Amino acid sequence: MSEQTKNIILIGFMGCGKTTVGLRLSYRLRMPVEDTDKLIEKNTGKSISEIFATDGEEQFRRMETELLESISRRNYPRIISVGGGTPVNPQNRVLLKKCGKVIYLRIRPETVFERLKTDTTRPLLQCEEPLAKIKQLLDDRIEAYEECADLIIDADELSVDDIVNIIENDI
Ligand code: S3P
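Calculation rules
Residues numbered from 1 in each chain as written. Predicted model: local features only at pLDDT ≥ 70, side-chain atom pairs only at ≥ 80, totals over all residues. Heavy atoms only, no water. Near = heavy atom within 4 Å. Polar contact = N/O pair within 3.5 Å; in protein donor to acceptor, adjacent residues only side chain to side chain. 1 Å grid on protein atoms, 1.4 Å probe; cavity = no way out; pocket = protein on both sides within 12 Å on 5 of 7 lines; lining within 4 Å. Sits in = over half its atoms within 2 Å of the grid points. Helix = DSSP H or I, 4+ residues; strand = E, 2+ residues; numbered from the N terminus. Nonpolar A, V, L, I, M, F, W, Y, C, P; charged D, E, K, R; others polar. Pairing = 2+ DSSP bridges. Axes fitted to C-alpha atoms, helices over the stretch in contact; angles between N-to-C directions. Buried < 20%, exposed > 50% of the residue type's maximum accessible area, 1.4 Å probe, protein only. Arc of directions from axis to C-beta. Contact = heavy atoms within 4.5 Å. Core = buried A, V, L, I, M, F, W, Y, C linked by side-chain atoms within 4.5 Å. Salt bridge = Lys/Arg side-chain N within 4 Å of Asp/Glu carboxyl O.

Near the ligand, the surroundings consist of 14 residues, among which Lys18, Asp37, Arg61, Arg122 and Arg141 are the closest. Within the contact set of the ligand, an oxygen atom lies 2.5 Å away from a side-chain nitrogen or oxygen of Lys18. Contact between the ligand and Asp37: an oxygen atom at 2.7 Å from a side-chain N or O atom of the residue. Judged by the proximity of its atoms to the pocket grid, the ligand belongs to the largest pocket. Secondary structure elements with two or more residues in the shell around the ligand: helix H3 (48–54) and helix H4 (57–73). The residue inventory of the shell around the ligand, partitioned by class, reads six nonpolar, three polar and five charged.

Moving on to the sheet that holds strand S2 (residues 33–35). The sheet built from five strands is open, its strands ordered S2-S3-S1-S4-S5 with parallel pairing. The sheet is open, and its two edges are formed by S2 and strand S5 (151–154), each paired on a single side. Neighbour to neighbour, the strand axes of the sheet diverge by 20° on average, direction disregarded. Here three bridges tie S2 to strand S3 (residues 79–81), and the two strands are oriented parallel to one another. Residue pairing for S3: Asp35 is matched across the bridge by Ser81.

This part covers helix H2 (residues 36–44). Turning to H2, its buried residues are Thr36, Leu39 and Ile40. Down the axis of H2, the buried set is contained in an arc of 100°. They therefore lie on one face. As for H2, its buried residues are in contact with S2, H3, H4 and S3. For H2, the side-chain oxygen to backbone nitrogen distance between the N-cap and Asp37 is 3.0 Å, and the N-cap itself is Asp35.

Most often, soluble globular proteins have nonpolar side chains that are buried together. Judged by nonpolar contacts, the single largest core of 47 residues is most densely connected at Ile9, Ile11, Phe13, Leu96, Ile103, Leu105 and Ile167. Not counting residues within four places of it along the chain, the set of residues in contact with Phe13 comprises Lys18, Gly84, Leu105, Val112, Ile134, Leu137, Leu138, Arg141 and Tyr145.

Further remarks concern the pattern of salt bridges. Under the defined criterion, the tally for this structure stands at 20 salt bridges. A salt bridge links Asp35 to Lys38; the shortest N-O distance between them is 4.0 Å. A relative accessible area of 48% places Lys38 in the partly exposed class. Between Lys97 and Asp150 there is a salt bridge, with its nearest N and O atoms 3.7 Å apart. In this pair, Lys97 sits in helix H5 (residues 90–99) while Asp150 sits in the loop between helix H7 (130–148) and S5, placing the two residues 53 residues apart along the sequence. In this structure, a network of salt bridges that share partners links the residues Arg24, Arg28, Asp161 and Glu168.

See below:
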């Protein structure tokens, strides 16, 4: 197995727990963790909301792909959580698979809504009907998520530790 295949990649819709699970997993496995949104914010000096507002979503998507390309060239293992929209681009799905083992945290739209109804940091959900938007986006993305996943975890009713245990037992 090459070093690259030892990366653990967490994918899933906004609010599915990628960042929290990534941090707990990092502690348990003693592996460094990275979050692509946070890296983009660090590289640009702007928040994701500012990038969407000033550069636009297309530019943000280009930044995601460039970052994944550079991650896929590295050869030391990490836990990497990626933005909810990353797997939508087919090129990103290839890169995600190349980066390592892809784990999809699957949740229902109602769970997303409950968790994010007061959140203001997800530009795509700052709209009149956030639940309808969540349902539509999830519907549009589900195939992409499932296509690139090596492991799917139905995360709605699970605690962070439950999810981490499942991942630990699978790797
Ligand atoms: C997005 C998800 C966000 C962030 C951006 C767009 C999406 O990341 O990348 O707001 O398209 O689903 P999280 O999934 O970490 O919230």
